[in-house]
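Report on the structure
In case you want the letters, here they are:
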Amino acid sequence: MYASNPWGGPMEIANGGDTTEDERSRNLTTEWDRASVMHQYQHHGTLDETQQSWLLGPPEEKKKNKYVDLGCVVCSRKLLKWTMWLFALALLVIALPVIIAKTIPKHKPHEPPPDEYTAVLHKALMFFNAQKCTRGFIRACIYAAGRLPSNNGISWRGNSGLQDGSALTDVKGGLVGGYYDSGENVKYHFPMSFAMTMLSWSVIEYEAKYRAIGGGLVNSTTPDDNYCWERPEDMDYARPVQTAYSGPDLAGEMAAAFAAASIVFRDNIAYSAKLVKGAATVFAFARDFGKRATYSRGKPYIEYYYNSTGYYDEYMWGSAWLYYATGNTSYISLATNQGIPKNAKAFLMTPKLSVLSWDNKLPAAMLLLTRLRIFLNPGYPYENMLQMYQNVTGLTMCSYLQNFHVFNWTQAGLIELNLNGQAQPDLQYVVNAAFLASLYADYLNASAIPGWHCGPTFISTDVLRQFATAQIDYILGSNPLNMSYVVGYGKNYPKRVHHRAASIPHDKNKYSCTGGWKWRDSANPNPNTITGAMVGGPDHSDKFKDLRNNYTYTEPTMAGNAGLVAALVSLTSSGGYGIDKNTIFSAVPPLYPVSPPPPPPWRP
């Protein structure tokens, strides 16, 4: 047995292991001596003082001072005193603060101040009101242009376009509604539908964050939307309607917009069902074999501005959204049919096809379908194609990183995704890439996947977030000019935006088609601030020309601002972090993977 604790400190042994034989003998003798003294007392009745104190212990009154009789228990007076002191101390330390806290009037804690992305997001949404959205953001946007509600919030805008399409006999109510695309007074449905799909997508993924927070001919001298510089309220020229008798690209994008919006408005059952019906109807038009010519072909009012280069990307994009909106497996079967990506050239991995735009939906469509694989993993017969979509999505994300040298970058760190031969990067492509990168990072984080591989190199999801943040920060002012390219944000932003309504004073004067040119060509700042509008952006050298008549620098667009809103809401911390994993799958029934067919019989 151990006589002491080997880890330090005493460790007593029960039999008193250190007691010597002599000590035990003396103790035993003492006990016997006490017994003999007692025996003497019993027989003789006398004990001296020493014997009495040794045998009987201290006098009774001393015991009374040392101990306290509590009735059922006799305890040490000293122990009782310490116990009472400790109780009083506990009352002071524990109970008193509770009492004070209960008596102090309660105040609601202050909400943390919104981050900068949230502040910009509020401004970016205002741009859509300036482009004629009624009843607030996204709701009833099909009736956007026309009579404005009293709460539109843009004091320098009024009712306009009330006669659009009035000459048509096959459209009830004409074509009053929609959005003016940019600084012109034209309503282009192809980029407008894309903008609505992007906005709906961002609402579906980040709903909690939202809750917290006619045409013009080129070089024409005929009065029209391009030649005249008039406010929409003052338009006095003909506004011809372009009718598409074919157009799988336009119809596919409109189907995506309706289907995505039906998920946003899922709580309004009747309205959501109406949107689903519209989506299915226009997608059936898109799939009509006899109507497979691009919507812009042969249309001079459209071809120069928003020419479509194909429609198989819209087939993939539209069918993916219709599957999420309806759960109908015929749509996911189409989206994963090998003929669709083959005709869309989805797997060629050319840089141009990695850039999301109103014309090229491939990066977004493949990311949207990758979502299905990550969270639901439907297996056969979709797995092979979904895996290829995810592989290409990973490579697309790799292409956005500067160290892989797929795209050019400005010296100050802005990625150059405009591959259409124009003189400068276009920020609408940058914000789209930032949104896709941020969203893919959220997909991976939500499934506890730390990153992905670019060849042999493992890339953390944090790198994607840093890319998205750096691009948005550049747009908001972290650039050599300290220029914010979002109007109304920061102290230094474009003042001469290429925008008819913003550049003409809001007064009682009506300016003619050419009478507005003096405002177009003026070097003065716009009299009206089109808050939240993101302009075209700087050139390859990080320089910017704040010139109203140079639209490549200073013109905002619907598609550009939709991408900006989506990127901002993905990055803001307001309303928490991460995506809503399940809402988008609300209409998708439980998936039970089908067993693959057996292999063919073996033959010798």
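By convention here, each chain's residues receive numbers from 1 onward along its written sequence. Local features in this predicted model are restricted to residues whose pLDDT is 70 or higher, and side-chain atom pairs enter the listing and the counts only when it is 80 or higher, whereas totals over whole chains, interfaces and linings include all residues. As a rule here, side-chain values come from all non-hydrogen atoms in the structure, and water together with hydrogens is ignored.

The name given to the protein chain in an unreviewed UniProt entry is Endoglucanase, with Rhododendron simsii as the source organism. UniProt positions are given in the numbering used here, feature names are shortened, and annotations may be inferred rather than shown by experiment. Recorded under Sequence similarities (unreviewed entry), the UniProt text for the protein chain is reproduced unchanged: "Belongs to the glycosyl hydrolase 9 (cellulase E) family." In the Catalytic activity (unreviewed entry) part of its UniProt record, the protein chain is described as follows: "Endohydrolysis of (1->4)-beta-D-glucosidic linkages in cellulose, lichenin and cereal beta-D-glucans."

Our focus in this paragraph is the overall build of the protein chain. Helix and strand definitions follow DSSP, with helices as H or I runs of at least four residues and strands as E runs of at least two, each counted in order from the N terminus. When its secondary structure is counted, the protein chain shows 21 helices and six strands. With a 1.4 Å probe rolled over the protein chains alone, any residue whose accessible area is under 20% of its type maximum counts as buried; one over 50% counts as exposed, and the rest are partly exposed. Classification of the 604 residues of the protein chain by burial places 47% in the buried group. Here the Shrake-Rupley method, with its probe set to 1.4 Å, supplies the accessible areas, and only the displayed protein chains count as covering residues. For the protein chain, the accessible surface area stands at approximately 31300 Å², while carbon and sulfur atoms represent 57% of it.

What follows deals with the packing of aromatic side chains. Stacked, tilted and edge-to-face are the three classes assigned to paired rings of Phe, Tyr and Trp, where Trp is represented by its six-membered ring and a pair needs centres within 6.5 Å; plane angles under 30 degrees give stacked, over 60 edge-to-face, the rest tilted. Counted under the stated rule, the structure contains 26 aromatic pairs. Measuring from ring centre to ring centre gives 5.6 Å for tryptophan 201 and tryptophan 317, while their planes differ by 65°; the resulting arrangement is edge-to-face. Where tyrosine 400 meets phenylalanine 467, the ring centres are 5.8 Å apart and the plane angle is 15°; that geometry is what we call stacked. Here phenylalanine 467 lies in helix H17 (residues 461-475) and tyrosine 400 lies in the loop between helix H15 (383-399) and strand S3 (408-409), a separation of 67 residues in the sequence. Summarising the burial analysis for this pair, tyrosine 400 and phenylalanine 467 share the class buried. Taken together, the ring pairs in this structure connect Trp201, Trp317, Trp321, Tyr323, Tyr324, Phe435 and Phe585 into an aromatic cluster. Only Lys NZ and Arg CZ are tested; either one counts as a charge over a ring when it is within 6 Å of the ring centre and within 35 degrees of the ring normal. The cationic tip of arginine 287 hangs over the ring face of tyrosine 315; the distance from NZ or CZ to the ring centre is 4.7 Å.

What follows is about the pairing of strand S6 (residues 457-460). Strands qualify as paired when DSSP identifies two bridges or more between them. Relative to S6, strand S5 (residues 451-454) is paired through four bridges, and the arrangement is antiparallel. Looking at the pairing, glycine 451 lines up with serine 460 of S6.

Let us now look at the confidence of the model for the protein chain. pLDDT is a residue-level measure of predictor confidence that goes from 0 to 100. In this model, the protein chain carries an average pLDDT of 81, and 71% of its residues clear a pLDDT of 70 or more. Contact criterion: two residues are considered in contact whenever any of their non-hydrogen atoms come within 4.5 Å of each other. Low pLDDT (under 50) marks residues 1-45, which in the prediction has 22 contacts with non-local residues, meaning those over four places away or in another chain. Ignoring residues within four places in sequence, the model shows residues 133-146, a span with pLDDT below 50, making 52 contacts including any to other chains.

Let us now look at the state of the cysteines. A covalent bond bridging the sulfur atoms of two cysteines is what the word disulfide describes. A pair of cysteine sulfur atoms is labelled a disulfide when the two atoms are within 2.5 Å. In total, this model carries one disulfide according to the counting rule given. Here cysteine 398 connects covalently by a disulfide to cysteine 454, the sulfurs 1.9 Å from one another. Given an S-S torsion of about -95°, the disulfide between cysteine 398 and cysteine 454 has left-handed geometry. Taken together, the positions of cysteine 398 in helix H15 and cysteine 454 in strand S5 put the pair 56 residues apart, joining distant regions of the chain. We note that cysteine 398, like cysteine 454, is buried.

Counting through the fold element by element, glutamate 314 comes out in helix H11 (residues 312-326). Discounting chain neighbours no more than four positions away, the residues touching glutamate 314 are Phe190, Pro248, Asp249, Gly252, Glu253, Phe283, Ser319, Trp358, Asp359 and Lys361.

What follows is about helix H9 (residues 269-287). To estimate how far a helix should reach, multiply one less than its number of residues by 1.5 Å. Taking 1.5 Å per residue, 19 residues should reach 27 Å; H9 reaches 27 Å between its end C-alpha atoms and fits that length. Within H9, the full set of buried residues consists of Ser272, Leu275, Ala279, Val282, Phe283 and Ala286. Take H9 and look down its axis: the buried residues cluster within an arc of 105°, on one side only. Residues of H9 that are exposed and point more than 90 degrees away from the buried face comprise Ile269, Ala270, Lys274, Lys277 and Thr281. Taken together, the buried residues of H9 touch helix H8 (248-264), H11 and helix H12 (329-335). Directions drawn from the helix axis to the C-beta atoms are what define this arc.

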